Amino acid sequence: MNPELFALYALLLLLVYFLPTWSAPLGDRLIVFVVNLTLGWTVIGWAWALHLSTRARNVHTAAVLRQFSPP
């Protein structure tokens, strides 16, 4: 196999593997990274990390909306 193609394939796999970490809000990236690094090699662990990253964004968005909503 071509070494450049292998490196590109490995980089693509790493980007997909750490997708939950990149998509998490800044304040929650550490916990999502830890879950993804330790349990992400299982499909359930990776799905949990993805759930944490999207759930965290929804909780944060709801808190911001509550702060700026009229009384």
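Residues numbered from 1 in each chain as written. Predicted model: local features only at pLDDT ≥ 70, side-chain atom pairs only at ≥ 80, totals over all residues. Heavy atoms only, no water.

Thoughts on the overall build of the chain
Looking only at helices and strands, the chain features 4 helices and 0 strands. Starting at the N terminus, the α and β elements of the chain follow one another as α-α-α-α. Considering only contacts in the chain between residues 6 or more positions apart, those separated by 24 or more positions represent 35%. Approximately 5,600 Å² of the chain is accessible, and the part contributed by carbon and sulfur atoms is 77%. (Helix = DSSP H or I, 4+ residues; strand = E, 2+ residues; numbered from the N terminus. Contact = heavy atoms within 4.5 Å. Areas by Shrake-Rupley, 256 points an atom, 1.4 Å probe, with all protein chains shown as cover.)

Concerning the packing of aromatic side chains
Scanning the entire structure with this criterion turns up 2 aromatic pairs. Their ring planes at 25 degrees and their centres at 5.8 Å tell us that Phe18 and Phe33 sit as a pair that is stacked. Highlighted residues: Phe18 in the loop between α1 (3–17) and α2 (19–23) and Phe33 in helix α3 (residues 29–39), separated in sequence by 15 residues. Phe18 gets classed as buried once you look at its relative accessible area, which sits at 15%. Through a chain of ring-to-ring contacts, the aromatic side chains of Tyr17, Phe18 and Phe33 assemble into a single cluster. (Phe/Tyr/Trp six-rings, centres within 6.5 Å; stacked < 30°, edge-to-face > 60°. Buried < 20%, exposed > 50% of the residue type's maximum accessible area, 1.4 Å probe, protein only.)

What to know about the environment of Arg29
Considering the arrangement of structural elements, one finds Arg29 in helix α3. Separated by 23 residues in sequence, Arg29 and Leu52 place their C-alpha atoms 9.5 Å apart. Sequence-distant contacts of Arg29, defined by excluding residues within four places in its chain, comprise Thr21, Trp22 and Ala24. At 3.4 Å, the side chain of Arg29 and the backbone oxygen of Thr21 are in polar contact. In this structure the side chain of Arg29 is engaged in a polar contact, spanning 3.1 Å, whose partner is the backbone oxygen of Trp22. (Polar contact = N/O pair within 3.5 Å; in protein donor to acceptor, adjacent residues only side chain to side chain.)

Looking at the side chain of Ser53
Relative to the elements of secondary structure, Ser53 occurs in helix α4 (residues 43–68). At 3.3 Å, the side chain of Ser53 and the side chain of Ser23 are in polar contact. Apart from the residues lying within four places of it in its own chain, the contact partners of Ser53 are Pro20, Ser23, Ala24, Pro25 and Val32.

A word on the confidence of the model for the chain
In this model, the chain carries an average pLDDT of 84, and 77% of its residues clear a pLDDT of 70 or more. Of all secondary-structure elements in the chain, the lowest mean pLDDT belongs to α4, at 76, while α1 reaches the highest, 94. (pLDDT = per-residue confidence, 0-100.)

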